[in-house]
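# Descriptive analysis of the structure
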Amino acid sequence: MCGIIGYIGSRQAQPILLNCLGRLEYRGYDSCGIAVSEHGINVCKDAIRVEALKKTMPRLNGTAGIGHTRWATHGAPSLINAHPHLDCSGKIAVVHNGIITNYQKLRDQLTGEGHQFVSETDTEVIPHLIEKYYHGNLETAVAAALNDIEGSYAIIVLATDEPKLVAARKDSPIIISLGDRENFIASDVPAILDYSNRVVYLEDGDIGVITTDSIKVSRRGSEVATKVHQISWTVEDAQKAGYEHFMLKEIHEQPKVIRDTLAGWVSGEALEDLATMWADDINALLILACGTSYHAALIGKQMGQELLKIPVRAELASEFNYSTQLLDRTLAIAITQSGETADTLKAMKKLKEVGCQTLAITNVVGSTASRIADRTLYTRAGPEISVAATKSFTAQLMVLYQLMMAHPEIGARKLNSMTKELRQLPNKVQQVLDNEGETAQYAQELSRYENIFYIGRGINFPVALEGALKLKEISYIHGEGYAAGELKHGPFALLGSDTPVIALLAPDDTYEPMLTNIKEVKARGSAIIALTREGDEDIEKIADKVLTVPQVEAIFSPVVNTVALQLLAYYAARERDCPIDFPRNLAKSVTVE
Ligand code: AGP
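Below is a short write-up of the structure. Nothing here was measured: the structure is a model prediction, and the numbers come from that model.

Our next topic: the packing of helix 10 (residues 291-308) against helix 16 (residues 461-475). Contact geometry of helix 10 with helix 16 gives a least axis separation of 9 Å together with a crossing angle of 165°. Considering the angle they form, helix 10 stands roughly antiparallel to helix 16. With respect to the hand of their crossing, helix 10 and helix 16 are arranged in left-handed fashion. Where helix 10 abuts helix 16, its residues Gly291, Thr292, His295, Leu298 and Ile299 lie against Pro462, Val463, Leu465, Glu466, Leu469 and Lys470.

Now for the packing of aromatic side chains. Applying the stated criterion to the full structure yields 5 aromatic pairs. Aromatic side chains Phe184 and Tyr195 sit 5.2 Å apart centroid to centroid with 20° between the ring planes, which places their arrangement in the stacked category. With Phe184 in strand 10 (residues 182-186) and Tyr195 in the loop between strand 10 and strand 11 (198-201), this residue pair connects regions lying 11 residues apart in the sequence. The exposure class assigned to Tyr195 is partly exposed, which follows from its relative accessible area of 24%. Look at Tyr570 and Tyr571: their rings are 4.9 Å apart centre to centre, the planes differ by 90°, and that puts the pair in the edge-to-face class. Across the pair, exposure class does not vary: Tyr570 and Tyr571 are buried alike.

This part is about the sheet that holds strand 17 (residues 312-316). The strand order across the open sheet formed by 5 strands is 17-16-18-19-20, and the pairing between neighbours is parallel. Strands at the two margins of the open sheet, each flanked by one partner only, are strand 17 and strand 20 (375-378). Here the strands of the sheet are splayed against their neighbours by 20° on average, with no regard to which way each runs. One ladder, built from 4 bridges, connects strand 19 (residues 357-362) with strand 20; its direction is parallel. Looking at strand 20, one finds that Ala360 is bridged to Thr376. Contacting strand 16 (284-289), strand 18 (330-336), strand 19 and strand 20, helix 13 (residues 391-405) runs over the sheet at an angle of about 160° to strand 18.

In the neighbourhood of the ligand, 15 residues make up the surrounding shell, with Ser293, Thr336, Ser338, Thr341 and Glu473 lying closest. Within the contact set of the ligand, an oxygen atom lies 2.8 Å away from a backbone nitrogen or oxygen of Ala389. Considering the ligand on its own, with 410 Å² of exposed area, one finds that the protein chains cover 91% of that surface. Those elements that provide at least two residues to the shell around the ligand are helix 10 and helix 16. Across the shell around the ligand, the residue classes tally to 6 nonpolar, 7 polar and 2 charged.

Looking at soluble globular proteins, one finds that nonpolar side chains tend to be buried together. One finds Met303, Ile333, Ile335, Leu397, Tyr401 and Ile502 to be the most contacted residues of the largest nonpolar core, which totals 86 residues. With residues up to four places along the chain from it excluded, the contact list for Ile335 reads Ile287, Leu288, Ala289, Ser293, Ala296, Ala297, Thr344, Ile361, Gln396 and Leu400. Among the nonpolar cores identified, the runner-up in size contains 29 residues, and Ile16, Leu18, Phe184 and Leu193 belong to it.

Taken as a whole and assessed by the stated rule, the structure comprises 0 disulfides. With no disulfide of its own, Cys2 has Cys32 as its nearest cysteine by sulfur position, at a separation of 12 Å. Free of any disulfide, Cys356 has its nearest cysteine sulfur in Cys290, 17 Å distant. Classification of Cys356 by relative accessible area gives buried; the value is 7%.

A cluster of nonpolar side chains, contributed by Leu79, Ile80 and Val118, occupies part of the molecular surface with about 260 Å² of accessible area. Following the sequence through the fold, Ile80 ends up in the loop between strand 4 (64-70) and strand 5 (85-86).

This paragraph deals with the pairing of strand 4. Burial runs high along strand 4: 7 of the 7 residues are buried. Taking every second residue as pointing to the same face, both faces of strand 4 are buried, with Ala64, Ile66, His68 and Arg70 on one and Gly65, Gly67 and Thr69 on the other. When strand 1 (residues 3-9) meets strand 4, the two strands line up antiparallel, connected through 6 bridges. Each bridged residue has a counterpart across the sheet, and for Gly3 the counterpart in strand 4 is Thr69. Sheet topology places strand 2 (residues 31-37) next to strand 4; 6 bridges connect them, and they run antiparallel. Directly across from Gly33, in strand 4, lies its bridge partner His68.

Once that is clear, we can look at the packing of helix 15 (residues 436-446) against helix 19 (residues 557-575). The N-to-C vectors of helix 15 and helix 19 enclose an angle of 50°; their axes lie 8 Å apart at closest approach. Comparing their axes, helix 19 and helix 15 come out oblique. Judged by the sense of rotation from one axis to the other, the crossing of helix 15 with helix 19 is right-handed. Contacts from Glu436, Thr439, Ala440, Tyr442, Ala443, Gln444 and Leu446 in helix 15 reach Ala564, Leu567, Leu568, Tyr571, Ala572 and Glu575 in helix 19. Of the residues assigned to the contact of helix 15 with helix 19, the class counts are 9 nonpolar, 2 polar and 2 charged.

Calculation rules
Every chain is numbered independently, its residues counted from 1 as its sequence is written. Two thresholds apply to this predicted model, a pLDDT of at least 70 for residue-level local features and 80 or more for giving and counting side-chain atom pairs, whereas whole-chain, interface and lining totals are computed over all residues. Side-chain measures were taken over the full set of non-hydrogen atoms in the model, leaving aside hydrogen atoms and water. Structural elements are reduced to axes, namely lines fitted to C-alpha atoms, with helices fitted over the stretch in contact, and the angle between N-to-C directions of any two is expressed from 0 to 180 degrees. Per the convention used, a helix needs a DSSP run of H or I reaching at least four residues, while a strand needs a run of E reaching at least two, with both numbered from the N terminus. For classification purposes, an angle smaller than 35 degrees is called roughly parallel, one larger than 145 roughly antiparallel, one from 65 to 115 roughly perpendicular, and anything else oblique. Helix crossings are classified by the rotation of the near helix relative to the far one: an anticlockwise turn of less than a right angle makes the crossing left-handed, while a clockwise turn makes it right-handed. Residues count as neighbours in contact if any of their non-hydrogen atoms are within 4.5 Å of one another. In summary, the pairing rule links any two rings of Phe, Tyr or Trp, Trp by its six-membered ring, whose centres are within 6.5 Å, and it sorts them by plane angle into stacked for under 30 degrees, edge-to-face for over 60 and tilted for everything else. Relative accessible area decides the class of each residue, using a 1.4 Å probe on protein chains only: under 20% of the type maximum gives buried, over 50% gives exposed, and in between gives partly exposed. Strand pairing is assigned whenever DSSP identifies at least 2 bridges connecting the two strands. Working definition: residue near molecule or strand if any one of its non-hydrogen atoms lies within 4 Å of it. Definition of a polar contact: a pair of N or O atoms within 3.5 Å, with one able to donate and the other able to accept a hydrogen when the atoms are protein atoms, and with sequence-neighbouring residues admitted only if both atoms are side-chain atoms. What sets the accessible areas is the Shrake-Rupley method with a 1.4 Å probe; for residues, cover comes only from the shown protein chains. Only Asp, Glu, Lys and Arg are considered charged in this grouping, and only Ala, Val, Leu, Ile, Met, Phe, Trp, Tyr, Cys and Pro are considered nonpolar; every other residue, Gly among them, is considered polar. Put simply, buried Ala, Val, Leu, Ile, Met, Phe, Trp, Tyr and Cys residues joined by side-chain atoms within 4.5 Å make one nonpolar core. Throughout, disulfides are identified as pairs of cysteine sulfur atoms within 2.5 Å of each other. The residues that make up patches have over 30% relative accessible area and no salt bridge, and they are joined within 9 Å when like-charged or within 5 Å when they are Val, Leu, Ile, Met, Phe, Trp or Tyr. Salt bridges are identified by distance alone: a Lys or Arg side-chain nitrogen within 4 Å of an Asp or Glu carboxyl oxygen.

Structure (structure tokens):
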């Protein structure tokens, strides 16, 4: 997600904008820039850090300006794609956080009307649309431009000879902060806490107009009263939006991440684009990854085998033996949040050398993986600060579901029913999050053990592995993920009252065998915590504790089950007072083999 900032007041804007951008760096970004208005608009931007921008930029005079830290979604990190973006006249500058899903259509329309575009971004259509509708009233022009836009946005608009800033939001946050003969606009509170702790929150559909001495908020064309909130957070608290850790914040961002990752899906072109991944000569999949991304790969394997009836292999990138004879008519998919994992990149390069078609699924635009692969599908999880992967894993699953559903084998009826289920997932995940209190209680009890098994079958066996990995890496408890049917082939020896077992159930043909496995485990003295769908009465009679998740189709059960296990691991680690966001010995991106 990008960071936006605006300043208008009695002081020089440039140093204030740069300081505010520095406070937004924690959100992760690949480019930054500012625009200051005095006798015209002066822009300074590049695919560099804020510190570097400070050092290289000239002095810009002016007491009104806007700034941006970019997390690329459309167009690789570059000077030309960095914000702010300008209209043809160079008199209107815009910074934007969000995704415009109909930008290509708008761009084509505006080009046909004589507008010239220079960047690859979706954002650049905004200043050109405002220019199209600008006849002397900036806020009217902004309102008209937003009428044409579909998708999510938080924007700030600066215009020459206009002693004001205009802001507007839909699905991306914006605050207005009040100072003494100066006012601020920002994506969120950390940006402005050095200057003010009095903020007004804009709602979806609001348009805010600020000057040095005034703020005005309009909703559906009528001015509305503004409620000023006093913020008591420190800057660090604010960067976590009030959550204790980035990991918990990112777990709670998952409903929005699912919506954002599916955003392109609702527009037909995404479906056509995805369908082109399935070239006629592809009849097998090889999915390579590491760690949590490997667990997504295993789930992708289950999806592919169940939905497409084609051979699908999921391999650990570090173990992949490059046996090329098995690669005929195969699409090789590399899943990597960072796009920089050395083991995964090495495997990708080998596959390219032997002529395999390669697709990267990554969260970082312009990452090495995206530059090696023939094609790239981006998860839209936004920057993931915590070392433990959570929202990026869920976003990877969303991309895999869409990719499988775009296969010609799927058929309209199945596609429609799965699309309906997909669209309900944000609410289903929100229900899991709403049950956080009960999950935290179970986690506190689990936190006193040193060894815990996670067992699952079918599409939930990889979820057992992922739940165990989360527990390992942030609580340091030895969580062991195992195929439920395999436990009797050795690990039964480890069962007993000091080794509880978390059993994952799904409403499919693995349910009955799971009940059998659970009884076997109980007979050997281990306590059972069952994770199952709401209304499952059979399990109540067998398990020691039952944690429920909303009812979803079995193929989507990894999404809700994983979120519950993320919370379980988080609260167990919190109970053990672990450094959750930055666990010992681990790095967010493993760029060594
Ligand atoms: C997951 O919580 C870990 N941080 C780690 O296993 C991670 O998934 C793995 O290193 C792969 O990273 P990537 O997705 O960036 O390639």
